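Here is how the chains run, residue by residue.
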Amino acid sequence: MLALVAVMAAAACGGDEDSPSPSVSPSPPPTLAPGVTPGPGVTEAEIRLGMTNDLAGVGDTPYAAVSDALAAYFEKVNQDGGVCGRDLVLVTKDDQDNPELVRAKTKELVEQDGVLAILGALGTSAHLAVADYLNDPNADGNKDDGVPDLFVSTGYSGWGDVARWPWTIGFVPDYQTDAKALASYINENQRGKKVGILYESNELGNDYDSALKSSLADPALLVSEQPYDSAAPDIAGHIGTLSQAGAEVFVLATTPEASASAITAAHGQGYNPQLVLSYVNSQTQLATLIGGGAAPDQLSAGFRELRGAVSTAYLLSAIDNEDDPAVVEHMRIMQTFGGTQVSTL
């Protein structure tokens, strides 16, 4: 997402020629093509971009790290000459992961701060509160005046509805695509085994459940589908139902807290199916939750419970890919420009 932001910002310059990479040569002076009027948030000196996030952690999320990393990358780009001679400015507002605050703070960014675009929204329910507004700010049915809604970091498949949300562009793989990848693994490696799924009863879980059902080689092998309410999940009861149904493969379309509870409950009941996890579950985060903390003995206990689990990932690993040039450069930028510390757990 970080590099793509700079590419998008370059488009705001409106010049006829491609801008050289900041790491190769300084950015040219600000230019505009004849007759082009810069968008909101674009001046001779800067390009203002907006983001709302759970900055203080009131919403009990780790999302603030994303804003910190983005700010560090912007500092790197600006030191290299900016974009078309303009500095990238990230205007952030704390939304506490609360949909009502997300809407209020997003409107502030658009209507008071005059940002060119909104970046990196986090959380499906939070962003659903503003997607219609960003794509039709005047609510007049004419979406030509929408606000670019870029690199949404939730996998809800609905963001691909270009008729409803033409200005919204997703960043992470959508949940249905991930479910199809998990189904492909099951079809090839767990052939003939009974499958059960625990899924959150919202956009995330519904995407996984529907795509899994349509992608299994033998849909009849899906013997149990267990939706749960994230506000009051009765995980233990659902686990018992999956076990009684004979599910040998257990798909978790769940957030990390629910996944940790489900795995702990399953093993506590002596139920040890093949675990297949959505990419929203970081293995280290799960091990921390299951083990009760980040101390070495706690992490070891957590990882023991995850032994043999299968999950997907769409980002490079700071451990497995530590020598990859992209990872090396990312860590350099974070260290040099005060960004998020890269975890190597």
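Up top is the structure.
Right, let's walk through the structure included here. As the structure is a prediction and not an experimental result, all values here were calculated from the model.

What follows deals with the overall build of the protein chain. Counting its regular elements, the protein chain contains eleven helices and ten strands. Put simply, the protein chain has 345 residues, and 43% of those count as buried.

Strand order in the open sheet formed by five strands is E7-E6-E8-E9-E10, with parallel pairing between adjacent strands. Two strands lie at the open edges of the sheet, namely strand E7 (222-228) and strand E10 (310-311), each paired on one side alone. As paired elements, strand E6 (residues 195-200) and strand E8 (residues 249-253) share five bridges and run parallel to each other. Bridge pairing links Val195 to Val249 in E8. On top of the sheet, helix H5 (residues 175-189) reaches E6, E8, strand E9 (274-277) and E10; it is set at about 155° to E9, its chief contact. Along the sheet, helix H6 (residues 203-215) contacts E6, E7 and E8; its crossing angle with E6, the most-contacted strand, is approximately 155°.

A word on the packing of aromatic side chains. Here the structure, examined in full by the defined rule, presents seven aromatic pairs. Their ring planes at 85° and their centres at 6.5 Å tell us that Phe171 and Tyr314 sit as a pair that is edge-to-face. Of this pair, Phe171 sits in the loop between strand E5 (168-170) and H5 while Tyr314 sits in the loop between E10 and helix H11 (325-336), and the two are 143 residues apart along the sequence. One aromatic cluster is present, built from ring pairs that chain together Phe171, Tyr175, Tyr208, Tyr279 and Tyr314.

What follows is about the pattern of salt bridges. Going through the model one piece at a time under the given rule, you end up with ten salt bridges. Across the salt bridge formed by Glu44 and Arg86, the nearest N and O atoms sit 4.0 Å from each other. Placement of Glu44 in the loop between helix H1 (2-11) and strand E1 (46-53) and of Arg86 in the loop between helix H2 (64-79) and strand E2 (87-94) is noted, with a sequence separation of 42 residues between them. As a salt-bridge pair, Lys105 and Glu108 come within 3.8 Å of each other at their nearest N and O atoms.

To continue, consider the environment of Gly57. As for its placement among the helices and strands, Gly57 is situated in the loop between E1 and H2. The partly exposed category is assigned to Gly57, whose relative accessible area is 32%.

Those residues of helix H9 (residues 283-291) lying buried are Thr284, Leu286, Ala287 and Ile290. In an axial view of H9, the angular spread of the buried residues amounts to 160°, which keeps them on one side of the axis. Buried residues along H9 sit in contact with helix H8 (256-268), E9 and helix H10 (296-305). Taken from the residues just after H9, Gly292 is the one with a positive phi, measuring 90°.

Moving on, we come to the sheet that holds E1. Pairing is parallel in the open sheet, where five strands are placed in the order E2-E1-E3-E4-E5. A strand with exactly one partner marks an edge of an open sheet, and here the two such strands are E2 and E5. On average, adjacent strands in this sheet sit at an angle of 25° to one another, irrespective of strand direction. Note that E1 and strand E3 (residues 117-119) share two bridges and pair parallel.

This paragraph deals with the environment of Val91. Inspection of the secondary structure puts Val91 in strand E2. Exposure remark for Val91: the relative accessible area of 13% places this residue in the buried category. It is 8.4 Å that separates the C-alpha atoms of Val91 and Thr52, two residues lying 39 residues apart in sequence. In this structure, Val91 is in contact with Arg48, Leu49, Gly50, Met51, Leu109, Asp113 and Val115, ignoring residues within four places of it in sequence.

Two faces, one strand: in a regular strand the side chains alternate between the faces of the sheet. The buried count for E1 comes to six of eight residues, which makes it a mostly enclosed element. Viewed along the sheet, the connection from E1 through H2 into E2 turns out right-handed.

Here H5 contains 15 residues, and its C-alpha end-to-end distance of 21 Å stays within 8% of the 21 Å for a straight helix at 1.5 Å per residue. All buried positions along H5 are accounted for by Tyr175, Asp178, Ala179, Leu182, Ala183, Tyr185 and Ile186. Down the axis of H5, the sector holding all buried residues measures 155°, keeping them to one side. Its side-chain oxygen at 3.0 Å from the backbone nitrogen of Gln176, Asp174 defines the N-terminal cap of H5.

Calculation criteria
Residues numbered from 1 in each chain as written. Predicted model: local features only at pLDDT ≥ 70, side-chain atom pairs only at ≥ 80, totals over all residues. Heavy atoms only, no water. Helix = DSSP H or I, 4+ residues; strand = E, 2+ residues; numbered from the N terminus. Buried < 20%, exposed > 50% of the residue type's maximum accessible area, 1.4 Å probe, protein only. Pairing = 2+ DSSP bridges. Contact = heavy atoms within 4.5 Å. Axes fitted to C-alpha atoms, helices over the stretch in contact; angles between N-to-C directions. Phe/Tyr/Trp six-rings, centres within 6.5 Å; stacked < 30°, edge-to-face > 60°. Salt bridge = Lys/Arg side-chain N within 4 Å of Asp/Glu carboxyl O. Arc of directions from axis to C-beta. Right-handed = clockwise from strand over helix to strand, strands pointing away. Expected span 1.5 Å × (residues − 1). Polar contact = N/O pair within 3.5 Å; in protein donor to acceptor, adjacent residues only side chain to side chain.

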